[in-house]
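Listed here are the chains, written in short residue letters.
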Amino acid sequence: MSLDYVKFSNGFEKFMPKEYRDMVEHGPFGKKVTVSQMGSFKEALEEHPMCAGCAMTLFIRLAIIAFPNPEDTITVGTAGCGRLAISQAAIPFVYGNYGDQNGVASGLSRGLRLRFGDKPKDVVVMAGDGGTADIGFQQVLHSWFRKERFTTIMLDNEVYGNTGGQESGMTNRGAVLKMAPLGKKFEKMDMLQMAKVAGCAYVATVVPNNPRRVESVIKKAVLIAREVGSTYIQAYTSCNIEYAIPTDKVMEDAKTVENDRYQFTEYVSEEAKQYLTERYGYKEFLPKPAAAIPNKA
Amino acid sequence: MYLVANVNVEICASKSCKLCTQYCPEANTIQYSEEMGKEQGFKYGSAYIAVDRCKGCALCVWVCDSLAKNNAIKMTMIDQLPKAALTDNITYGDKSTTAVLASPMVG
Ligand SMILES: Cc1ncc(C[n+]2csc(CCOP(=O)(O)OP(=O)(O)O)c2C)c(N)n1
Ligand code: SF4
Ligand code: SF4
Ligand code: SF4
């Protein structure tokens, strides 16, 4: 894990496919790329078999661009749609058994710290709502209670998409799905509150119809996890197949859902605010200058 | 036959909004070229589609029509495009890309 792993081995350059050469020469490694430069640099993410128009795909694409040090990042995933794309990026990917991802990431991030000391190596878990809130629930919660220093991202499409439409804990009450024909009887789980209770240093909700916000929350979450503690991002990433959303309406749906139940929220612990300010020069947590505070009198 | 996105350079190159590039779910599919518009005498560069990567979802059409309000992207049958960009013919530069357009049809 360093810039070396994306270089060509001596003598092999001319045998590598164009996409690989582009990635080495014009990829995101060792420099800063941003969402506003999309379309002008070679991305670490390659082609993959996720469905056309899938919002989860867009979110994963944005998230990978937002990683602060892609050459020093390992992603961890599990069964579910997202791994089909996450595994097709020029970033090492570890596939945990369904539900094991936060246990795997705990060991991995501890091991990397033993091996590399203070040099930051970022571990980012991306798993579906079923993988995170149902099958992986106890490993997710325990990793947070243990304050394991890595980022957990829930790709919340509010359904088990990969297996054809079973309800998950994150499905909304009343939703009728192909394999939940009577409609869900229970409320959507409040994983955000649980993340806060379990002591996460950063908790945010985000929807991919705001690419720059996705970029900003991913960056903060990954940086905070380097030293302060667990970080959690819950992203609404609709499944256009199981919810029958026409693909050209996927962003319209994201907007509607954002207004309904996925407004942007961000919790940053005091320690994390101080860390981002002092270590990475964030200005947003500094006390506001007196003149900027509206006069309440 | 199948549909792929197609950008009207004339419209796009007079806008410089680059919005659709941030919304396509597929990586390196909507690309941006500073030259593409300027070469034809327009003010800005233009977005264009690497049609071999486009999955035909039309999400970008919604973005250009409803967010950017520019109506520059139309879904088009791939055999109706005399010339298009393909990944093999795209060159990356420092801040932009260039594409040599060719027939997307094989043979
Ligand atoms: C132990 C185990 N049980 C069941 C499965 C089958 N399985 C694969 S993907 C999946 C559902 C994934 O749903 P979710 O985590 O919500 O992700 P999505 O596909 O919706 O993104 C299931 C049940 C499995 N791979 N392993
Ligand atoms: S099944 Fe749903 S979540 Fe999975 S790739 Fe397709 S649209 Fe996306
Ligand atoms: S959204 Fe439309 S006008 Fe804007 S860059 Fe894309 S194609 Fe051009
Ligand atoms: S149709 Fe879909 S896949 Fe093709 S360029 Fe537009 S957003 Fe990307």
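It is worth spelling out the overall build of chain B at this point. Each helix and strand in chain B was counted, giving three helices and six strands. Counting from the amino terminus, helix and strand elements in chain B follow one another as β-α-β-α-β-α-β-β-β. Over its C-alpha trace chain B gives a radius of gyration of 13 Å, about what one expects of a compact globule, namely 13 Å for 107 residues. Judged by the C-alpha coordinates and their principal axes, chain B covers about 35 × 30 × 25 Å. Long-range contacts, defined here as pairs at least 24 residues apart, represent 63% of the contacts in chain B between residues at least 6 apart.

To continue, consider the site of ligand 4. Near ligand 4, the surroundings consist of 15 residues, among which Cys24, Cys54, Cys57, Ala58 and Cys60 of chain B are the closest. Residue composition of the shell around ligand 4, by class: eleven nonpolar, two polar and two charged.

The subject of this paragraph is the interface of chain A and chain B. With 36 residues of chain A at the contact, the number on the chain B side is 27 residues. Between the two partners, chain A and chain B, sit one salt bridge. Between Arg53 of chain B and Glu46 of chain A there is a salt bridge, and its shortest N-O distance comes to 2.8 Å. Across the chain A-chain B interface, the total number found is 15 residue pairs in polar contact (both at pLDDT 80 or more). Going through the elements one at a time, α1 (18-26), α2 (55-66), α8 (211-227) and α9 (250-260) of chain A are the ones with two or more residues in the side of chain A that touches chain B. The residue inventory of the side of chain A that touches chain B, partitioned by class, reads 15 nonpolar, nine polar and twelve charged.

Now for the sheet that holds strand β4 (residues 151-156) of chain A. Residue and element names in this part refer to chain A. Pairing is mixed in the open sheet, where seven strands are placed in the order β2-β1-β3-β4-β6-β5-β7. Edge positions in the sheet fall to β2 (93-95) and β7 (265-268), since each of these pairs with one other strand and no more. Each adjacent strand pair in this sheet contributes to an overall mean axis angle of 15°, direction not counted. For strand β1 (residues 73-77) and β2, the ladder comprises three bridges, and the chain directions are parallel. In the strand pairing of β2, Thr75 is matched with Phe93.

Looking now at the packing of aromatic side chains. Here the distance between the centres and the angle between the planes together describe a pair of aromatic rings. Residues and elements named next belong to chain A. Within this structure, the stated rule accounts for six aromatic pairs over all chains. Note on Phe8 and Tyr20: the rings are 6.0 Å apart at their centroids and 45° apart in plane angle, and the pair reads as tilted. Highlighted residues: Phe8 in the segment before α1 and Tyr20 in helix α1, separated in sequence by twelve residues. In this structure, Arg115 packs its charged tip against the face of Phe116, placed 4.4 Å from the ring centre. Its guanidinium or amino end placed over the ring of Phe116, Lys121 lies 4.4 Å from that ring's centre, counting from NZ or CZ.

So, about the site of ligand 1. Residues and elements named next belong to chain A. Around ligand 1 there are 15 residues in total, and Tyr98, Gly130, Gly131, Asn157 and Gly161 lie nearest to it. Take Gly131: an N or O atom from its main chain is 2.8 Å from an oxygen atom of ligand 1. Take Gly161: an N or O atom from its main chain is 2.7 Å from an oxygen atom of ligand 1. In isolation ligand 1 exposes 590 Å². Once the protein is present, 69% of that is buried. The element contributing the most residues to the shell around ligand 1 is helix α5 (residues 129-135), with three residues.

Attention now goes to the packing of α2 of chain A against α8 of chain A. Think of two packed helices as two axes; the pair is described by the angle between the axes and how far apart they sit. All names here are of chain A. Between α2 and α8, the shortest axis-to-axis distance is 9 Å and the interhelical angle comes to 50°. Relative to α8, the element α2 lies oblique. For the pair α2 and α8, the sense of crossing is right-handed. For the pair α2 and α8, the contacting residues are Phe59, Leu62, Ala63 and Ala66 in the first and Pro211, Val214, Glu215, Ile218 and Lys219 in the second. Taken together, the residues of the contact of α2 with α8 break down into seven nonpolar, no polar and two charged.

In this section: unusual backbone geometry. Residues and elements named next belong to chain B. The residue Asn28 is not glycine, and still its phi comes out positive at about 45°. Inspection of the secondary structure assignment puts Asn28 in the loop between α1 (9-12) and β2 (30-33). Taking the relative accessible area as the measure of exposure, Asn28 reaches 2% and is therefore buried. With phi around 70°, Ala58 is a residue other than glycine that occupies positive phi space.

Moving on to the pattern of salt bridges. Residues and elements named next belong to chain A. Applying the stated criterion to the full structure yields 24 salt bridges over all chains. Residue Glu187 is joined to Arg173 by a salt bridge in which the shortest nitrogen-to-oxygen separation is 2.9 Å. Residue Glu187 is found in the loop between β4 and α7 (191-197), and its partner Arg173 is found in the loop between β4 and α7; the two are separated by 14 residues along the sequence. For Glu187, a relative accessible area of 52% corresponds to the exposed category. A cluster of three or more residues bridged by salt bridges with shared partners is formed by Asp156, Glu158, Lys188, Asp260 and Arg261.

Rules of the game
- Residues numbered from 1 in each chain as written.
- Chains lettered and ligands numbered in written order.
- Predicted model: local features only at pLDDT ≥ 70, side-chain atom pairs only at ≥ 80, totals over all residues.
- Heavy atoms only, no water.
- Helix = DSSP H or I, 4+ residues; strand = E, 2+ residues; numbered from the N terminus.
- Rg over C-alpha atoms; globule rule 2.2 N^0.38 Å.
- Contact = heavy atoms within 4.5 Å.
- Near = heavy atom within 4 Å.
- Nonpolar A, V, L, I, M, F, W, Y, C, P; charged D, E, K, R; others polar.
- Salt bridge = Lys/Arg side-chain N within 4 Å of Asp/Glu carboxyl O.
- Polar contact = N/O pair within 3.5 Å; in protein donor to acceptor, adjacent residues only side chain to side chain.
- Pairing = 2+ DSSP bridges.
- Axes fitted to C-alpha atoms, helices over the stretch in contact; angles between N-to-C directions.
- Phe/Tyr/Trp six-rings, centres within 6.5 Å; stacked < 30°, edge-to-face > 60°.
- Lys NZ or Arg CZ within 6 Å of the ring centre and 35° of its normal.
- Areas by Shrake-Rupley, 256 points an atom, 1.4 Å probe, with all protein chains shown as cover.
- Parallel < 35°, antiparallel > 145°, perpendicular 65-115°, else oblique.
- Left-handed = near helix turned anticlockwise from the far one by under 90°.
- Buried < 20%, exposed > 50% of the residue type's maximum accessible area, 1.4 Å probe, protein only.

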